[in-house]
Amino acid sequence: MNNDKPEPMGSPAADAGASIQPESTADAQLSELQTEVMTLRDAFLRAKAEGENIRRRADEDISKARKYAVESFAENLLPVMDSLQAAIARPDANTAQVLEGVHATLRQLSSALERSKVIEIAPPPGTRFDPHQHQAISVVPAEQEAQTVVAVLQKGYLIADRVLRPALVTVAAPKS
């Protein structure tokens with residue numbers, strides 16, 4: 001027998017030699033895919049950790065915002081507190097001095113509320129009654145149009161376009 005002859009196609013020896021090449025290609029592809037999986041897994045874990053860190057920081061920021069939300073409001077009110085304490089420290093002040101101090105303190109308070117975006121609701125007489133900003137205490141006969149404000153009994157206040165307290169008003173009754 002001559003061993004120099006090539007094996008015929010389909011013989012076991014020919015199939016064994018032919019399968020060596022695809023196995024090494026398959027091993028290379030498997031290795032490539034495993035590397036890619038590891039890279040993607042690492043990227044996923046990093047992205048997940050970053051997302052958790054962002055959520056944690058956002059939770060901390062929200063917590064701090066809630067905790068210190070009134071800080072600027074309180075800072076605006078401190079001069080009012082100082083003025084009231086100064087007034088108490090002067091027991092010998094006469095009525096005119098006390099009244100002058102009360103007016104100055106009221107201006108400070110109004111200014112502090114304004115800086116904190118607390119807006120006064122004090123509708124002038126004749127203004128159409130608005131149930132979203134006004135609370136009718138009574139309906140009175142008046143010479144003006146019905147359902148309009150006759151008088152403000154107590155001012156109301158808005159904060160950021162939200163009613164903090166409605167203005168207490170009397171409203172003109174319909175004419176009979």
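Report follows, based on the coordinates. No experiment lies behind these values; they were computed from the predicted model shown.

1. What to know about the side chain of Ser116
Then, number 1: Take Ser116: it is sitting in the loop between helix 3 (95–115) and strand 1 (118–121).
Then, number 2: You can call Ser116 buried: its relative accessible area is 14%.
Then, number 3: Non-local contacts of Ser116, meaning those with residues more than four positions away in its chain, are made with Phe73, Asn76 and Ile159.

2. Some words on the packing of helix 2 (residues 71–88) against helix 3
Then, number 1: Axis separation between helix 2 and helix 3 bottoms out at 9 Å; the angle between their running directions is 175°. Taken together, the axis directions place helix 2 and helix 3 in an arrangement best described as roughly antiparallel. Every residue of helix 3 that contacts helix 2 at Phe73, Asn76, Leu77, Pro79, Val80, Ser83 and Leu84 is listed here: Thr105, Gln108, Leu109, Ala112, Leu113 and Arg115.
Then, number 2: Residue classes in the contact of helix 2 with helix 3 are distributed as 8 nonpolar, 4 polar and 1 charged.

3. Quick notes on the environment of Ala167
Then, number 1: Position of Ala167 among the secondary structure elements: in strand 6 (residues 167–172).
Then, number 2: Judged by relative accessible area, Ala167 falls into the buried class, the value being 0%.
Then, number 3: For Ala167 and Glu120, which are 47 residues apart along the polypeptide, the C-alpha to C-alpha distance reads 8.8 Å.
Then, number 4: If near-sequence neighbours (up to four positions away) are discounted, Ala167 is found in contact with Ile121, Pro123, Gln133, His134, Gln135, Gln154, Lys155 and Gly156.

4. Examining the nonpolar core
In a soluble, globular protein the nonpolar side chains are often hidden away together inside.
Then, number 1: One finds Ile121, Phe129, Val149, Leu158, Ala167, Val169 and Val171 forming the largest nonpolar core, which totals 7 residues.
Then, number 2: When neighbours within four sequence positions are excluded, Val171 is seen to be in contact with Phe129, Ala136, Ser138, Val139, Val140, Gln147, Thr148 and Val150.

5. What to know about the pattern of salt bridges
Then, number 1: A full pass over the atoms with the stated rule returns 4 salt bridges.
Then, number 2: Taking the shortest distance from any N to any O, the salt bridge between Arg46 and Asp42 comes out at 3.1 Å. Here the residue Arg46 and the residue Asp42 both occupy positions in helix 1 (residues 12–67), the gap between them amounting to 4 residues, near one helical turn.
Then, number 3: The class of Asp42 is partly exposed, set by a relative accessible area of 37%.
Then, number 4: With a closest N to O distance of 3.3 Å, Glu120 and Lys155 form a salt bridge. Pair noted here: Glu120 is in strand 1 and Lys155 is in the loop between strand 3 (149–154) and strand 4 (156–159), with a separation of 35 residues, a long-range link.

6. Observations regarding the sheet that holds strand 3
Then, number 1: As summarised here, the arrangement of the 3 strands in space is 2-6-3, forming an open sheet in which the pairing is mixed. Either end of the sheet is taken by a strand with one partner, and the two such strands are strand 2 (134–140) and strand 3. Strand-to-strand, the axes of this sheet are offset by a mean angle of 30°, without reference to chain direction.

Parameters and conventions
- Residues numbered from 1 in each chain as written.
- Predicted model: local features only at pLDDT ≥ 70, side-chain atom pairs only at ≥ 80, totals over all residues.
- Heavy atoms only, no water.
- Helix = DSSP H or I, 4+ residues; strand = E, 2+ residues; numbered from the N terminus.
- Buried < 20%, exposed > 50% of the residue type's maximum accessible area, 1.4 Å probe, protein only.
- Contact = heavy atoms within 4.5 Å.
- Axes fitted to C-alpha atoms, helices over the stretch in contact; angles between N-to-C directions.
- Parallel < 35°, antiparallel > 145°, perpendicular 65-115°, else oblique.
- Nonpolar A, V, L, I, M, F, W, Y, C, P; charged D, E, K, R; others polar.
- Core = buried A, V, L, I, M, F, W, Y, C linked by side-chain atoms within 4.5 Å.
- Salt bridge = Lys/Arg side-chain N within 4 Å of Asp/Glu carboxyl O.
- Pairing = 2+ DSSP bridges.

Coordinates in, geometry out; function isn't part of it.
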